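Each chain is listed here by its residues.
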Amino acid sequence: MDSDHSAARHAARSTLVVALTFLACTSSRADEDQERQPAPPPVKIGIATSSPRSIQSDDEWEFLANDLQKAIPDRQFLSVMLTENEAIRQGAEGQLDFALLGPSAVVRAEKRLGTRPIATMVRVFGPYKTPWVGATIVVRRDNERIKSLADLKGATFATSGKTFVELQVPLREIREQGVEPRGDFESFRVEQGAAIRAIESVLRGELDAAAVRAEIFRRFQRRAPGSANQLRILGERNFPDYPFNVSTRLYPGLSLVAMPRTPPELVAAVEKALLETPPPGDLKSSVAAGWIEPLDHAEVDRLLLGWQDDVATREGVDLSTTTTLPRRKTSIDTSTTTQQRPIERTVGGENIFASPWTFYVSAPLFLIGLTIFMYFMLRTNRRLRSLQTTLELELTQRNAAAAALRRSEHRLQMALDAAKLGTWTWNIETNEVTFDDRWYQMIGYDPVAMPASYEMWRRLVHPEDIERVEGILAKSINGQFSTYRTEMRLKSGEGAWKWILTSGETVEWSRSGRASLMAGVHVDIDETKRASTALAVAKESAETANRAKSEFLANMSHEIRTPMTSILGFAELLLDRSTSEEERDEAILTIMRNGRHLMAILNDILDISKIEAGQLLLENVRFSPIAIVDDVASSMRVKALEKGLEFEVVQEPPIPEEIEGDPTRLRQILLNLIGNAIKFTERGKVRVTMRLFPGDPEKLEITVSDTGVGMNQETVDQLFEPFRQADASTTRRFGGTGLGLSIARHLAKRLGGTINVTSEPGKGSTFSLVIRTGMGTMSLGASQTDATPAADERPATDATLKDSRILLVEDGEDNQRLIRSLLARRGCEVTIAANGKVAYELALAAEHEGKPFHVVLMDMQMPVMDGYEATRKLRAKGFGRPIIALTADAMAGARERCIRVGCADYASKPIDKVRLLELVRASITRREMAEP
């Protein structure tokens, strides 16, 4: 009995020790936990994908956790990649706070868990941004059988994946057109995760059609425009707020869903962070451009209800229910209602717990072991918690660093896109070359059709540039140049040469110190280069024209001053009374010759001005070309004989007796060509030949050949440019303005032909004038010379002009004396008025007195009242006598302006005596014939 009591006391003491030890350990752990004060658990965000294959370690989605960390700094956010089904399951079990789900997963989560989306992401696809998704169905452009979605019956078809957008969305549109995917396709397959491969299968003709995400097809269009142009979109639709062309309806994209066990205050904070306070610019990623209010998923729900059986089979879940996911089964079946029997342990048939004293001894030992076990478990748990916190912080830091790197890469890509730079790399050791999409787009090639290589690049460089470019490249590799930079021409996909600026430098070296990797950019400078070249050409042309005009002005000064010196000098000689009659006659002839020379210069200047202004007018009358050639030849023969040259005119029949054109301009051309031939020939002969142009009887050819100085080809090429002569020595030696041939060729073109030149230095030149003949009869004999005396050779007395009363309206006293003397010699009675006002009064007074003037010669530019106003006022008063305009304005339109105000005819200054007398005589004759 005593032994039993002793055992009991011992057991009690042991129990007390164990209890005190347990309380001490528990108190110590409580103190440690109180001192530690752990932070709230991290907020877990699930980045859900449609299938396990899509889960990858890529951390491009860490931006969401990083953005929320910045907006809500008192909480820690972590992103995890998992499938859509796993995200919904973990959300139901409270292991996940939020999930970024696709449209079908949003609807499934709403039906099973009663969740709701709090925001929809605005996705970034290259330069495009949209919260919507859709699918594009493509066929070959030359596929004439398939014109619409309804034509897909019997087609070979593929989708680029099993996701909602890639599978259910396009098949819904096809079903609505009466095509059942399970029976109407010849073949159907899924190119899991291989959209580009599906598109290429259509291009190769292996498939009739394929469905891909719209943004993936747009990316293919940008990277391979040539291949994309061979494709056509079936059932193409365009939506105002969607940047891609699709074949389907649009559905919401990714949305952030709050799980049912997430605290409401946390949900509100996250929703506010996404919608009301967008993250700073430096936190925007290459995936999302922002967030908007959640979009309506009703259309997604309707699509899924139509596909319930297929989806349930694939996912193993009935979408029609709204219950939560089934919970995992435990190892103990709690459904049984039978009671378990007590557990007994016996040794030799005796219950070992039968004696209470034995229990008192064994219990303390059990409690001691349990206490020690719990102590070590608590220490291990604290260490594991500390390790978990350390790992989570390290993971957060790595994610932040990775996100910063992605942002930096994104900003770099944006800068490259904005600057339109194409990038390249060259592994010098392996000779591998890479070009980005912008590089290919810059020169118009398809990267699929032309893989990158050094030899490919070398073939594209212009043959004239390759040696220089490779020389600079070699010096850059050897370290002679710090950077590689040069301009070159590359052959574009269109076959044209395009100017490119390339720049790069060595970025990696081998262990031996040799360059192993170069990287750089290409810049399209084609437009700038061409504009610069055009500017340089224009500048050179302008400078050349400016030099030519400067030389022309200097030459013109000489050409004008030389005859003016003769005119003024011989005029002074005439004033000397000691000058003999013979000297006076010679002086008068010299003055007339130099005056005509000045007149020719002025006419050339006026003609070139009219040509440049497009105002040179030509007549179109019938005339004899033989008479024109004979007339010019007779006047130029004297000059040729004075220089001791032979002068010969040859007419090779048949020659038209008459042609249509402007005889005055033909005379001007021949005077210039024959005059030049005589001027530039020192000895030998000048030959003029006229004949029909060989092979074309509608044209007449007149050639002028000489044995003069001749010209080289460079001089011939510039011969017909205004203000041009062979060289400065030619101008000093032979004189001239350099306008004659330019005017002659222009006139020849206006007459339906041209002027051609063949020349050889030291042997002479041949100028060939070709003009149209019009409808003319052929002369088989030689031309006949007109023996009619010239008009200025008419007798001094003219019955028509005698006793005619002429009113001369002229403000210049010298012109008054000249014209008055000219008319008085023909027996005219001349009255002079110094301006239009006096002429107006005199003309009306003569009419009133019954002694009217037969003709009025009216200068058009005078003080007080000019000739235009005086003529208008006289016509307004009913004055019907002939008024002949006299003006120094020889530009195009001057004659028409004079006729418009009421003048009967027109004569330009300086006065041509013959022309003026003919006009006056004709006016008087017409007036007399008109009177009864």
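How each quantity is defined
- Counting of residues starts from 1 at the beginning of each chain's written sequence and follows it residue by residue.
- For this predicted model, a pLDDT threshold of at least 70 governs which residues receive local features, and a threshold of 80 or more governs which side-chain atom pairs are given and counted, while totals over whole chains, interfaces and linings are taken from all residues.
- Hydrogens and water are ignored here; the side-chain numbers use all heavy atoms of the structure.
- When the sulfur atoms of two cysteines come within 2.5 Å, that pair is taken as a disulfide.
- All axes are obtained by fitting lines to C-alpha atoms, using only the stretch in contact for helices, and the reported angles, taken between N-to-C directions, cover 0 to 180 degrees.
- For the purposes of this entry, the term helix denotes a DSSP run of H or I that reaches at least four residues, the term strand denotes a run of E that reaches at least two, and both are numbered from the N terminus.
- For classification, angles of less than 35 degrees are called roughly parallel, those exceeding 145 degrees roughly antiparallel, those between 65 and 115 degrees roughly perpendicular, and all remaining angles oblique.
- We call two residues contacting when some pair of their heavy atoms lies within 4.5 Å.
- Basically, the charged four are Asp, Glu, Lys and Arg, the nonpolar ten are Ala, Val, Leu, Ile, Met, Phe, Trp, Tyr, Cys and Pro, and anything else, Gly included, counts as polar.
- To sort residues, take the accessible area from a 1.4 Å probe on protein chains only and compare it with the maximum for the residue type: under 20% means buried, over 50% means exposed, and anything in between is partly exposed.
- Only rings of Phe, Tyr and Trp enter the pairing, Trp through its six-membered ring, and a pair is recorded when the two centres are within 6.5 Å. The plane angle decides the type: under 30 degrees is stacked, over 60 is edge-to-face, the rest tilted.
- Criterion for a charge above a ring: Lys NZ or Arg CZ within 6 Å of the ring centre, and within 35 degrees of the ring normal.
- With a 1 Å grid spanning the protein atoms alone, the term cavity applies to any set of points in which a 1.4 Å probe fits but cannot get out, the term pocket to an open set with protein on both sides within 12 Å along at least five of seven lines, and the term lining residue to any residue with an atom within 4 Å of a point.
- Grid points are joined across faces, edges and corners, and a volume is the space filled by probe spheres set on the points.
- The definition of a polar contact used here is a pair of N or O atoms within 3.5 Å, where within protein one atom must be able to donate a hydrogen and the other to accept one, and adjacent residues in sequence count solely through side-chain atom pairs.
- Pairing between two strands is assigned when DSSP locates at least 2 bridges connecting them.
- UniProt positions are given in the numbering used here, feature names are shortened, and annotations may be inferred rather than shown by experiment.

### Some points on the state of the cysteines
Next, step 1: Under the defined criterion, the tally for this structure stands at zero disulfides.
Next, step 2: Unpaired in terms of disulfides, Cys898 finds its nearest cysteine sulfur in Cys903, a separation of 5.2 Å.

### What to know about the packing of helix 2 (residues 63–71) against helix 10 (residues 264–275)
Next, step 1: One can describe the packing of helix 2 onto helix 10 by two numbers: an axis separation of 10 Å at closest approach and a directional angle of 100 degrees. Relative to helix 10, helix 2 is oriented roughly perpendicular. Between helix 2 and helix 10, the contacting residues are Leu64, Leu68 and Ala71 on the first element and Val270, Ala273 and Leu274 on the second.
Next, step 2: Of the residues contributing to the contact of helix 2 with helix 10, the split by class is six nonpolar, no polar and no charged.

### Brief notes about the side chain of Ser768
Next, step 1: Residue placement: Ser768 occurs in strand 29 (residues 764–772).
Next, step 2: What makes Ser768 buried here is its relative accessible area of 11%.
Next, step 3: With sequence-adjacent residues up to four places away left out, Ser768 is seen in contact with Glu701, Ile702, Thr703, Thr754, Ile755 and Asn756.

### Describing the packing of aromatic side chains
Next, step 1: Applying the stated criterion to the full structure yields 13 aromatic pairs.
Next, step 2: Here Phe157 and Phe185 contribute two aromatic rings whose centre-to-centre distance is 4.9 Å and whose plane-to-plane angle is 20 degrees, an arrangement assigned as stacked. Residue Phe157 is found in strand 8 (residues 156–159), and its partner Phe185 is found in the loop between helix 6 (181–184) and strand 9 (187–190); the two are separated by 28 residues along the sequence.
Next, step 3: According to the relative accessible area criterion, Phe157 is buried, its value standing at 0%.
Next, step 4: Consider the rings of Phe185 and Phe188, whose centres lie 5.9 Å apart with planes at 20 degrees: the pair is stacked.
Next, step 5: By relative accessible area, which is 34% here, Phe188 ends up partly exposed.
Next, step 6: Put simply, the rings of Tyr128, Tyr242 and Phe244 touch in pairs and so form one group of aromatic residues.
Next, step 7: Above the ring of Trp499, the side-chain terminus of Lys529 is found at 4.7 Å from the ring centroid.

### Digging into empty space enclosed by the protein
Here the idea is plain: a probe the size of a water molecule rolls over the atoms and shows the empty space left.
Next, step 1: Inspection of the entire model under this criterion finds six cavities of 30 Å³ or more.
Next, step 2: Taken as a whole, the largest cavity encloses approximately 150 Å³ of empty space.
Next, step 3: What lines the largest cavity is Trp424, Trp426, Val433, Phe435, Tyr454, Trp457, Leu473, Tyr484, Met488, Thr502 and His522.
Next, step 4: Where the lining of the largest cavity is concerned, the elements lending two or more residues are strand 17 (421–427), strand 18 (432–435), helix 15 (454–460) and strand 19 (484–491).
Next, step 5: The residue inventory of the lining of the largest cavity, partitioned by class, reads nine nonpolar, two polar and no charged.

### Examining the side chain of Ser476
Next, step 1: Along the polypeptide, Ser476 turns up in helix 16 (residues 463–477).
Next, step 2: Note on Ser476: relative accessible area 6%, which makes it buried.
Next, step 3: For Ser476, the side chain forms a polar contact with the main-chain oxygen of Ile472, separated by 2.9 Å.
Next, step 4: Only 3.4 Å separates the side chain of Ser476 from the backbone oxygen of Thr483, close enough to count as a polar contact.
Next, step 5: Not counting residues up to four positions away in its chain, the partners in contact with Ser476 are Phe481, Thr483, Tyr484, Thr506 and Met518.

### Quick word on the pairing of strand 18
Next, step 1: Residues Val433 and Phe435 line the buried face of strand 18, whereas the alternating positions Glu432 and Thr434 sit on a face that is not buried.
Next, step 2: The pairing of strand 17 with strand 18 spans four bridges and is classified as antiparallel. Bridge pairing in strand 18 links Trp424 to Phe435.
Next, step 3: Linking strand 17 back to strand 18 in an antiparallel pair, the connection comprises four residues, with Asn431 at a positive phi of about 65 degrees.

### Side note on the environment of Glu276
Next, step 1: With respect to the element layout, Glu276 can be found in the loop between helix 10 and strand 14 (288–292).
Next, step 2: Separated by 16 residues in the primary sequence, Glu276 and Ile292 place their C-alpha atoms 9.5 Å from one another.

### Description of the UniProt feature "modified residue: 4-aspartylphosphate" (unreviewed entry) in the protein chain
Next, step 1: What UniProt calls "modified residue: 4-aspartylphosphate" (unreviewed entry) maps, in this numbering, to Asp859.
Next, step 2: Turning to its location among the elements, Asp859 is positioned in strand 33 (residues 855–859).
Next, step 3: Apart from the residues lying within four places of it in its own chain, the contact partners of Asp859 are Val809, Glu810, Asp811, Gly867, Leu886, Thr887 and Lys909.

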